[in-house]
Amino acid sequence: MTKILEIKNLNKTFKKASESTKAVSNFSCQMNEGECIGIVGESGSGKSTIAVIIAGFVKADSGSIFFDGNELVFKGKAARLQRKSMQMIFQNPTSALNPHMTILDNLKEAVVYYEKIDKDAFYAKAAEELKKMGLTPEYLHRYPKELSGGECQRATIARSLIGRPKLLICDEITSALDVCVQAEIIRYLLELKKSGISILFITHDITLTSQLCDRIIVMKQGKIVESGNTKDILENPVSDYTRMLVGAAY
Ligand SMILES: Nc1ncnc2c1ncn2[C@@H]1O[C@H](COP(=O)(O)OP(=O)(O)OP(=O)(O)O)[C@@H](O)[C@H]1O
Ligand SMILES: [Mg+2]
């Protein structure tokens, strides 16, 4: 199996004035191509910090990250190519899209940084990505405020797919949505997984991992408490903390 992601001993402490918070301690994990890994844990356990470090928005204090066989870099063309191949989606879909641009222009903005685009070819590509998310081409001409929360999140996912990423980092992407729309988004993610995209799925709701994730990593105060196959963890959690998360959820 090809490894898409390999993280070794990641550490991050945030320092503000006299205070310091150790957000991530010695985090390591490996992810195979096409796999979906869930990172679960209570608020403040370091999940988003791991995500933004992988996505290159924040630098770790120490540790290494290999993506698709190469160590992640932060500058130059190599960094741009790596970022194009990994896309991050956030919790709030409406703030992820520019409200003053149509969905088409929002999608365009995601690729102009990386490549020259032909207008007609791009329109067809954008329509195709929206279709994968169950939205008709008509949505390309709408503004974000003219979409429901769930439709907006689907448009955001379509935008992240337009550069053909190998890895999607999803940070609480269903938290702002009602349960029906949540289930719908999970269904779309399952389709993407079938198409070979690797997914890092971050959530505080351990139940959401059951259909989608092959493995789960349970975090508490920046540290891995437990990790393993989703079914094993949900059915036979070893640590009290995981038992508490599972118990609270079901
Ligand atoms: N930019 C920052 N500056 C200072 N502290 C930060 C910063 N980002 C995160 N932290 C702190 O690091 C810890 C981990 O935060 P993080 O956002 O990774 O948690 P989380 O697991 O994603 O939580 P949630 O489920 O609420 O999103 C928290 O104590 C948080 O206050
Ligand atoms: Mg978070």
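Report follows, based on the coordinates. (Residues numbered from 1 in each chain as written. Chains lettered and ligands numbered in written order. Predicted model: local features only at pLDDT ≥ 70, side-chain atom pairs only at ≥ 80, totals over all residues. Heavy atoms only, no water.)

1. Considering the site of ligand 1
Applied cut-off: Nearness is judged by heavy atoms alone; a residue qualifies as near a molecule or strand once a single heavy atom is within 4 Å of it. Under the rule applied, a polar contact is a pair of N or O atoms within 3.5 Å (in protein, one hydrogen donor and one hydrogen acceptor; residues adjacent in sequence only if both atoms are side-chain atoms). Methods summary: accessible areas were calculated by the Shrake-Rupley approach with a probe of 1.4 Å, and residue burial reflects only the protein chains presented. Put simply, DSSP H or I for four residues or longer makes a helix, DSSP E for two residues or longer makes a strand, and each gets a number counted from the N terminus. Throughout this entry, Asp, Glu, Lys and Arg are counted as charged residues, while Ala, Val, Leu, Ile, Met, Phe, Trp, Tyr, Cys and Pro are counted as nonpolar. The remaining residues, Gly among them, count as polar.
In the vicinity of ligand 1, 13 residues are found, and the nearest of them are Ser43, Gly44, Lys47, Ser48 and Thr49. One nitrogen or oxygen atom from the side chain of Lys47 is found 2.7 Å from an oxygen atom belonging to ligand 1. Bound to the protein, ligand 1 loses 63% of the 630 Å² it would expose on its own. Per element, the largest residue contribution to the shell around ligand 1 is three residues, and it comes from helix H1 (residues 47–54). By residue class, the composition of the shell around ligand 1 is two nonpolar, seven polar and four charged.

2. Topic: helix H6 (residues 149–161)
Structurally, the α-helix is built with 3.6 residues per turn, so residues lying three or four positions apart point the same way. Rule in force here: For a helix, the expected span equals 1.5 Å multiplied by the number of residues minus one. Buried residues are those whose accessible area, probed at 1.4 Å on protein chains only, stays under 20% of the maximum for their type, while exposed residues exceed 50% and partly exposed ones sit between those limits. Here a residue-residue contact requires only that any non-hydrogen atoms of the pair lie within 4.5 Å.
Here H6 is 13 residues long and its end C-alpha atoms lie 19 Å apart, about the 18 Å a rise of 1.5 Å per residue gives. In terms of burial, H6 is a largely internal element, twelve of the 13 residues being buried. Buried within H6 we find Gly150, Glu151, Cys152, Gln153, Arg154, Ala155, Thr156, Ile157, Ala158, Arg159, Ser160 and Leu161. Residues of H6 that are buried sit in contact with strand E6 (86–89), helix H3 (93–96), helix H4 (103–112), helix H5 (119–132), strand E7 (167–171) and helix H7 (179–194).

3. Quick word on the packing of aromatic side chains
Applicable threshold: Aromatic pairs are defined between Phe, Tyr and Trp rings, using the six-membered ring for Trp, whenever the two ring centres lie within 6.5 Å; interplanar angles under 30 degrees are classed as stacked, those over 60 as edge-to-face, and all others as tilted. Sitting over a ring, as applied to charges here, requires NZ of Lys or CZ of Arg to be within 6 Å of the ring centre and within 35 degrees of the ring normal.
One pass over the structure, following the stated rule, counts one aromatic pair. Positioned over the ring face of Phe74 is Lys59, at 4.9 Å from the centre of the ring. Here the basic side chain of Arg83 rests over the ring of Phe74, its NZ or CZ set 5.6 Å away from the ring centre.

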